[in-house]
Number of protein chains: 2
Amino acid sequence: MACTEHTQVNLEKAEDAIVCASKLGVQIVCLQELFRSQYFCQKEDTELFNLAESIPGSTTKLFASLARKYAMVIIVPIFERRAAGIYHNTAVVIDADGTLLGSYRKMHIPDDPFYYEKFYFTPGDQGYPTFDTRYGRIGVLICWDQWYPEAARLMALAGAKILFYPTAIGWHPTEKTENGLSQLEAWITIQRSHSIANGFFVASVNRVGHEGPSLDVGLEFWGSSFVCDPFGIVLSEASREKEELLIADCDLSRVEKVRREWPFLRDRRIDSYSQIKRRFIDNLGSNL
Amino acid sequence: MACTEHTQVNLEKAEDAIVCASKLGVQIVCLQELFRSQYFCQKEDTELFNLAESIPGSTTKLFASLARKYAMVIIVPIFERRAAGIYHNTAVVIDADGTLLGSYRKMHIPDDPFYYEKFYFTPGDQGYPTFDTRYGRIGVLICWDQWYPEAARLMALAGAKILFYPTAIGWHPTEKTENGLSQLEAWITIQRSHSIANGFFVASVNRVGHEGPSLDVGLEFWGSSFVCDPFGIVLSEASREKEELLIADCDLSRVEKVRREWPFLRDRRIDSYSQIKRRFIDNLGSNL
């Protein structure tokens, strides 16, 4: 989706897409990160906390009714107001009967020019839960999390068969010519690698369109949403510019098949990974 | 390299390549996994333990003299006999003055049809050391390790700026037509992802040629050795079939640059990764 300045318009657009998906037999829908608004983290402004909402709240209520009506699992990213001064970048998972199964709160928070998320979002404190939906056990991570193999691994260990990444990532217009393709390529590569390392499906859901005061300022979201299988094979891929309802057929029995043929989980050296919890292994010498 | 049945021929071939590399100004050379012999793990035979040798030994002595003579760092994979009944799949790192800096013993040991490594190799017990060579701090992992993001991460935390993967991976001839490309693609993708996640160079060194009793039995090693930069961009890539001396220019200052622009190491949630040490998180329900 591209997002307008009007949150109600964005909400209705998402709703329309879900109705459309229901007619195509879709079982699990994932909306993009912070889908109700433009990507407001391009600047730091305390007024923008007004965009946040509670969970449960009016948005989850609406999507719970859609989930129940269409027997669909829906993943709903929300700018969550948890308490005065505590806001999260969250995704709620609603089961096909309308039940709120729980939420994932973004664990890894970026802070880069035009992505000032550390100003808005308290890092998640719920770890890496998975959700046993009607159509299979799934996990959700959000955007910046996609660069962290640890997060994907923990989702696999918690039984996820499909990992969703609602996302809002794009190019700085001034960098696009020089670095645009390598950035997009890195983004696809790292997410496909999570499928390969873990033997599960990955579905990455990004926004499209330019948001900013002028075409050479702001962010040009690169779309390119995709779904890949448990060996990293891309099943379905959206364009860089158009809004699309991207659908993929995920045969969950393929998780079993791929993990038998490539038994990476069998051979993990869990006795040897304790240093993963360190920031850095210092004092190794001068040449770091 | 392709390997013949004659270990002395293979050794001389490696030596010739190093002499050639020295004339081209190469600073760090990495030989392929178990380069002295054909990939003997295609069958289980106790006689084949005779291929193993001690460290230090005649092979390290030879390459130490070459390292000193040409002021080159050399990574020498060796089938290591550590004691009666304890053998490892090892790589020795020799500094540019001929000093043996240490060794890495393969941590993740595969066992698949035609890759019966669990029969031969005791899993490594030295963890993930890095080596402060004359030309920069490097790490070495071996083949099956390449599928484990944890291993690559631990090398980054230990300061590696270049991570080498001596390797022996190929196709089962009967599977090549159907799955060959997706296997090669997954192998490239996972290793490029380690560069991206960790902001270091990756150099993957594989053998070429068919080894086996007939062309439709055995293994067809897929070559495709490559070097990629700290953002996963492939700098240099070898063919699938030819023996090649693959050279890449690795500007180590790019590690600093890429990690500033994509500060993944800054934001790791080291407070949240402790479950990485688990085999699996059981008892989550029936839908695993």
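Attention here is on the structure that accompanies the text. (Residues numbered from 1 in each chain as written. Chains lettered and ligands numbered in written order. Predicted model: local features only at pLDDT ≥ 70, side-chain atom pairs only at ≥ 80, totals over all residues. Heavy atoms only, no water.)

1. Comments concerning helix H1 (residues 7–23) of chain B
All names here are of chain B. Test applied: By definition, any uninterrupted DSSP run of H or I lasting at least four residues is a helix, any uninterrupted run of E lasting at least two residues is a strand, and each is numbered from the N terminus. Between the first and last residue of a helix there are one fewer steps than residues, each counted as 1.5 Å, and that sum is the expected span. Only protein chains enter the accessibility calculation, which uses a 1.4 Å probe; a residue whose area is less than 20% of its type maximum is buried, one above 50% is exposed, and one in between is partly exposed. The reported arc concerns the directions from the helix axis to the C-beta atoms and nothing else.
Taking 1.5 Å as the rise per residue, H1 with 17 residues should run 24 Å; its terminal C-alpha atoms sit 25 Å apart, in good agreement. Residues Asn10, Leu11, Ala14, Ile18, Ala21 and Ser22 constitute the buried set of H1. Seen from one end, H1 has its buried residues packed into an arc of 120°, which puts them on one side. The outward face of H1, more than 90 degrees from its buried face, is lined by the exposed residues Asp16 and Lys23. A positive backbone phi angle near 80° is found at Gly25, which sits one or two residues after H1.

2. So, the nonpolar core
Applicable threshold: Grouping buried Ala, Val, Leu, Ile, Met, Phe, Trp, Tyr and Cys residues that are joined through side-chain atoms within 4.5 Å yields what is termed a nonpolar core. By definition, residues are in contact when any of their heavy atoms lie within 4.5 Å.
In this structure, Trp147 of chain A together with Trp147 of chain B are the most contacted members of the largest nonpolar core, which totals 140 residues. Sequence-distant contacts of Trp147 of chain A, defined by excluding residues within four places in its chain, comprise Ile169, Ala186, Trp187 and Ile190 of chain A together with Arg153, Ile196, Ala197, Trp262 and Phe264 of chain B.

3. Some remarks on the packing of aromatic side chains
Residues and elements named next belong to chain A. This is how it is decided: To pair, rings of Phe, Tyr and Trp, with the six-membered ring standing in for Trp, must have centres within 6.5 Å; the planes then decide the type, stacked if under 30 degrees apart, edge-to-face if over 60, and tilted in the middle. Placement of a positive charge over a ring is assigned whenever Lys NZ or Arg CZ falls within 6 Å of the ring centre and within 35 degrees of the normal to the ring plane.
For the coordinates displayed, the defined rule picks out 47 aromatic pairs over all chains. With a centroid separation of 5.9 Å and an interplanar angle of 45°, the aromatic rings of Trp262 and Phe264 are classed as tilted. Exposure remark for Trp262: the relative accessible area of 14% places this residue in the buried category. In this structure, Arg207 is placed above the aromatic ring of Phe221, and the distance from its NZ or CZ to the ring centre is 5.4 Å.

4. Examining the packing of H1 of chain B against helix H2 (residues 58–70) of chain B
All names here are of chain B. We count it as follows: Axis lines are fitted to C-alpha atoms, over the contacting stretch for helices. Their N-to-C directions set the angle, which ranges from 0 to 180 degrees. By the definition adopted for this analysis, an angle is roughly parallel if under 35 degrees, roughly antiparallel if over 145, roughly perpendicular if from 65 to 115, and oblique otherwise. In this classification, Asp, Glu, Lys and Arg are treated as charged, Ala, Val, Leu, Ile, Met, Phe, Trp, Tyr, Cys and Pro as nonpolar, and every other residue, Gly included, as polar.
In the contact formed by H1 and H2, the axes pass within 11 Å of each other and the chain directions differ by 10°. It follows from the interaxial angle that H1 and H2 lie roughly parallel. Note on element contacts: H2 touches H1 through Thr59, Leu62, Phe63, Leu66 and Tyr70, opposite Leu11, Ala14, Glu15, Ile18, Val19 and Ser22. In terms of residue class, the contact of H1 with H2 is made up of eight nonpolar, two polar and one charged.

5. Some remarks on the sheet that holds strand S3 (residues 86–94) of chain A
Residue and element names in this part refer to chain A. Applied cut-off: Whether two strands pair depends on DSSP finding at least two bridges between them.
The strand order across the open sheet built from four strands is S1-S2-S3-S4, with neighbouring strands paired in mixed fashion. Where the open sheet ends on each side, the last strands, each with one partner, are strand S1 (28–30) and strand S4 (100–105). In this sheet, neighbouring strand axes are inclined to one another by 35° on average, regardless of whether the strands run parallel or antiparallel. Alignment of strand S2 (residues 73–83) against S3, held across nine bridges, turns out to be antiparallel. By the bridge assignment for S3, Pro77 is matched with Ala91. Helix H2 (residues 58–70) rests against S2, S3 and S4 of the sheet, and its axis sits at about 165° to S2.

6. Some words on the relation of the copies chain B and chain A
What counts here: The atoms used to superpose the copies are C-alpha atoms, taken from residues with pLDDT of at least 70 in both, and the fit is least squares.
It takes a turn of 180° to lay chain B on chain A, together with a shift of 0.0 Å along the axis; the resulting RMSD is 0.0 Å. Here the two chains are linked by the operation of a two-fold rotation axis. A share of 100% of interface residues in chain B that are also interface residues in chain A marks the association as one of identical surfaces.

7. Quick word on the pairing of strand S9 (residues 201–205) of chain B
Residues and elements named next belong to chain B. The element S9 is extensively covered by neighbouring structure, given that five of its five residues are classed as buried. Burial along S9 is two-sided: Phe201, Ala203 and Val205 and Val202 and Ser204, pointing in opposite directions, are all buried. Pairing analysis gives five bridges linking strand S7 (residues 162–166) to S9, with the strands arranged parallel. In the sheet register, Leu163 faces S9, and the bridge partner there is Val202. As paired strands, S9 and strand S12 (residues 226–228) are joined by three bridges and run antiparallel to one another. Residue pairing for S12: Val202 is matched across the bridge by Cys228.

8. Things to note about unusual backbone geometry
Residues and elements named next belong to chain A. For the peptide bond that leads from Ile55 to Pro56, omega is -5°, which places it in the cis range. Structurally, Pro56 is set in the loop between S1 and H2. Located in the positive-phi region is Leu34, a residue other than glycine, with phi close to 50°. Along the polypeptide, Leu34 turns up in the loop between S1 and H2. Leu34 gets classed as buried once you look at its relative accessible area, which sits at 3%.

9. Concerning the sheet that holds strand S11 (residues 219–222) of chain B
Residues and elements named next belong to chain B. Across the sheet, which stays open at both edges, the three strands sit in the order S8-S11-S10 with antiparallel pairing between neighbours. The open sheet is flanked by strand S8 (170–171) and strand S10 (208–211), the only strands paired with a single partner. Of the pairings in the sheet, the one linking S8 to S11 comprises two bridges and is antiparallel in character. In the sheet register, Gly170 faces S11, and the bridge partner there is Phe221.

10. Examining the interface of chain B and chain A
Here is the rule we go by: What counts as buried area is the accessible surface, traced by a 1.4 Å probe, that two parts surrender upon association, with contributions from both included. Within this document, salt bridges are pairs made up of a side-chain nitrogen of Lys or Arg and a carboxyl oxygen of Asp or Glu, the two lying within 4 Å of each other.
On the chain A side, the residues contacting the 63 residues of chain B number 63 residues. Buried area between chain B and chain A, summed over both chains or domains, comes out near 6100 Å², and the portion from carbon and sulfur atoms is 59%. At the junction of chain B and chain A, the tally comes to eight salt bridges. Only strand S5 (130–133), strand S6 (136–140), helix H4 (149–157) and helix H5 (173–198) of chain B provide two or more residues apiece to the side of chain B that touches chain A. Per element, the largest residue contribution to the side of chain B that touches chain A is 10 residues, and it comes from H5 of chain B.

11. A few points about the pairing of strand S4 (residues 100–105) of chain B
Residue and element names in this part refer to chain B. Pairing of strand S3 (residues 86–94) with S4 involves five bridges; the strand directions are antiparallel. The residue bridging Thr90 from the neighbouring strand is Arg105, located in S4. In this antiparallel pair of consecutive strands, S3 and S4, the connection spans five residues, and Gly98 shows a positive phi of 90°.

12. Some words on the state of the cysteines
By definition, a disulfide links the sulfur atoms of two cysteines through a covalent bond. Residues and elements named next belong to chain A. The condition that has to hold: Whenever a pair of cysteine sulfur atoms sits within 2.5 Å, that pair is classed as a disulfide.
With the rule as written, the count across this model stands at zero disulfides over all chains. Unpaired in terms of disulfides, Cys3 finds its nearest cysteine sulfur in Cys41, a separation of 12 Å. Lacking any disulfide linkage, Cys30 is separated from the closest cysteine sulfur, that of Cys143, by 12 Å. The buried category is assigned to Cys30, whose relative accessible area is 15%.

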